[in-house]
Amino acid sequence: DRRSLGDAFSMDDLELLASVGIIAGQVVENGRLYDEYLKSQLQEQELQIASEVQQLLLPAEPPQLDGYEFFHIYEPALELSGDYFDFVRLKDGRIAIAVGDVAGKGVSAALYMARLGSAVRLCLEDTDDVTAVAARLNHHFIEFGGGHRFLTFMLCILDPKTNKLTMTSAGHCPAVIGNGAQIQLLPANEQVQPPLGIMPDCRYEASTVMLEKGDRILLYTDGLTEARNAQKELFGLDRIRASISAATGTAESAAREVVAEALAFAGDGGLSDDLTLV
């Protein structure tokens, strides 16, 4: 602004304008950064609330069953997890144990995880055939996900009266079962079926095993097998089998030993994926 329209601006005027502009720019930038900070704080609060809600979707306590002992570990890599597990008591006293792993991490995987949990319980109200449940879930997630996301899944039904364990797997990590040196993996390699949400009308097969006193059963997600050390080596199935074979004591101590060994193997890098053990 000039007093006279005919007067030219001077270098002093330019320096004054630049000084005021720098101050104004700093104020505008600080305001923008503060707005972003408030948004990030709100997002963190919402993620924390979502994490708490997700924990409510999972079993708070393991089941109490004569002759058996249960323990679980659930460790998300981020605030929210795509891992899933559940214990469902059936009407005749048997118990269903389910474990799943949605491809990916974060909010979208967590939403699929919640969908899986409700769908499993709904299916088990109609049938106790593990293969029929897997087939229905596969059909459901093909329709729900449109083929854009898949999830691995394992469902076991334990009959405590006969000690019979029946299971089916949709592309999930094999269960480690046995006592001491007698360790087996179920399902065997030739029985591995595709994950849920990939192939329409996929037929799933069941495996059965008669449990004996002292047997351990470990169900888990690939956050355990795919733990990597500094040399990019995987923790892998062989180390899991060796850990379960050498484990003594309670179910809790055995599970914690496996996780401790995986963490020690991974070193400072820690675990990069969601981790669930049952």
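Keep in mind that this is a model prediction, so the values were computed, not measured.

> Looking at this structure, how should I read the overall build of the protein?
Helix and strand counts for the protein come out as six helices and 10 strands. Here the C-alpha radius of gyration of the protein, 27 Å, is well above what a compact globule of 278 residues would show, namely 19 Å. The principal-axis extents of the C-alpha atoms in the protein amount to approximately 105 × 40 × 35 Å. Residues classed as buried in the protein amount to 42% of the 278 residues present.

> Looking at this structure, how should I read the sheet that holds strand 6 (residues 175-179)?
Neighbouring strands of a sheet are bound in pairs by backbone hydrogen bonds; such pairs are parallel or else antiparallel. Across the sheet, which stays open at both edges, the three strands sit in the order 7-6-9 with antiparallel pairing between neighbours. If you trace the sheet from one side to the other, it starts and ends with strand 7 (182-186) and strand 9 (216-218), each paired once. Taken pair by pair, the neighbouring strands of this sheet meet at an average axis angle of 20 degrees, ignoring direction. Where strand 6 lies against strand 9, three bridges are found, and the strand directions are antiparallel. Bridging across to strand 9, G178 finds its partner in R216.

> Looking at this structure, how should I read unusual backbone geometry?
Apart from glycine, the bulk of residues carry a negative phi angle, and the bulk of peptide bonds sit in the trans form. Here L186 and P187 are connected by a cis peptide whose omega angle stands at -5 degrees. Inspection of the secondary structure puts P187 in the loop between strand 7 and strand 8 (207-210). Although it is not a glycine, D201 sits at a positive phi angle of roughly 55 degrees. Within the element layout of this structure, D201 appears in the loop between strand 7 and strand 8. Phi is positive for K232, close to 65 degrees, though the residue is something other than glycine.

> I would appreciate a short explanation of the layout of surface pockets in the present structure.
Empty space left among the atoms is revealed by rolling a probe the size of a water molecule over them. Counted as a void, the largest pocket has a volume near 610 Å³. The residue inventory of the lining of the largest pocket, partitioned by class, reads 16 nonpolar, five polar and five charged. Around the second largest pocket sit V88, R89, L90, K91, D92, R94, R121, L124, E125 and D128, which together line it. Of all the secondary-structure elements, those providing two or more residues to the lining of the second largest pocket are strand 2 (83-89) and helix 2 (106-126). Counting residues per element, the lining of the second largest pocket draws most heavily on helix 2, at three residues.

> Just to check I follow, could you spell out the sheet that holds strand 2 for this structure?
Pairing within the open sheet is antiparallel, and its five strands lie in the order 2-3-4-5-8. Strands at the two margins of the open sheet, each flanked by one partner only, are strand 2 and strand 8. Averaged over all neighbouring strand pairs, the angle between strand axes comes to 15 degrees, with direction disregarded. Note that strand 5 (residues 164-170) and strand 8 share four bridges and pair antiparallel. When the bridges of strand 8 are listed, M167 appears paired with S207. Packed onto the sheet, helix 2 meets strand 2, strand 3 (95-102) and strand 4 (151-159) and runs at close to 20 degrees relative to strand 2.

> Help me understand the nonpolar core in this model?
Inside soluble globular proteins, nonpolar side chains tend to come together where they are buried. Membership of the largest hydrophobic core comes to 48 residues, with the highest contact counts inside it found for I97, L116, L137 and F153. The element contributing the most residues to this core is helix 2, with eight residues. Sequence-distant contacts of L137, defined by excluding residues within four places in its chain, comprise L116, A119, V120, C123, F153 and L196. Counting residues in hydrophobic clusters, the runner-up holds 20 residues, among them F71, F235, I244 and L275.

> What is the right way to read helix 2 from this model?
The α-helix advances 3.6 residues per turn, and as a result positions three or four apart in sequence lie on the same side. Across its 21 residues, helix 2 extends 31 Å between first and last C-alpha, which sits within 8% of the 30 Å expected from 1.5 Å per residue. If you check which residues of helix 2 are buried, you get G106, A109, A110, Y112, M113, L116, G117, A119, V120, C123 and L124.

Each value, and the rule that gives it
- Residues numbered from 1 in each chain as written.
- Predicted model: local features only at pLDDT ≥ 70, side-chain atom pairs only at ≥ 80, totals over all residues.
- Heavy atoms only, no water.
- Helix = DSSP H or I, 4+ residues; strand = E, 2+ residues; numbered from the N terminus.
- Rg over C-alpha atoms; globule rule 2.2 N^0.38 Å.
- Buried < 20%, exposed > 50% of the residue type's maximum accessible area, 1.4 Å probe, protein only.
- Pairing = 2+ DSSP bridges.
- Axes fitted to C-alpha atoms, helices over the stretch in contact; angles between N-to-C directions.
- 1 Å grid on protein atoms, 1.4 Å probe; cavity = no way out; pocket = protein on both sides within 12 Å on 5 of 7 lines; lining within 4 Å.
- Points joined across faces, edges and corners; volume = space filled by probe spheres on them.
- Nonpolar A, V, L, I, M, F, W, Y, C, P; charged D, E, K, R; others polar.
- Contact = heavy atoms within 4.5 Å.
- Core = buried A, V, L, I, M, F, W, Y, C linked by side-chain atoms within 4.5 Å.
- Expected span 1.5 Å × (residues − 1).

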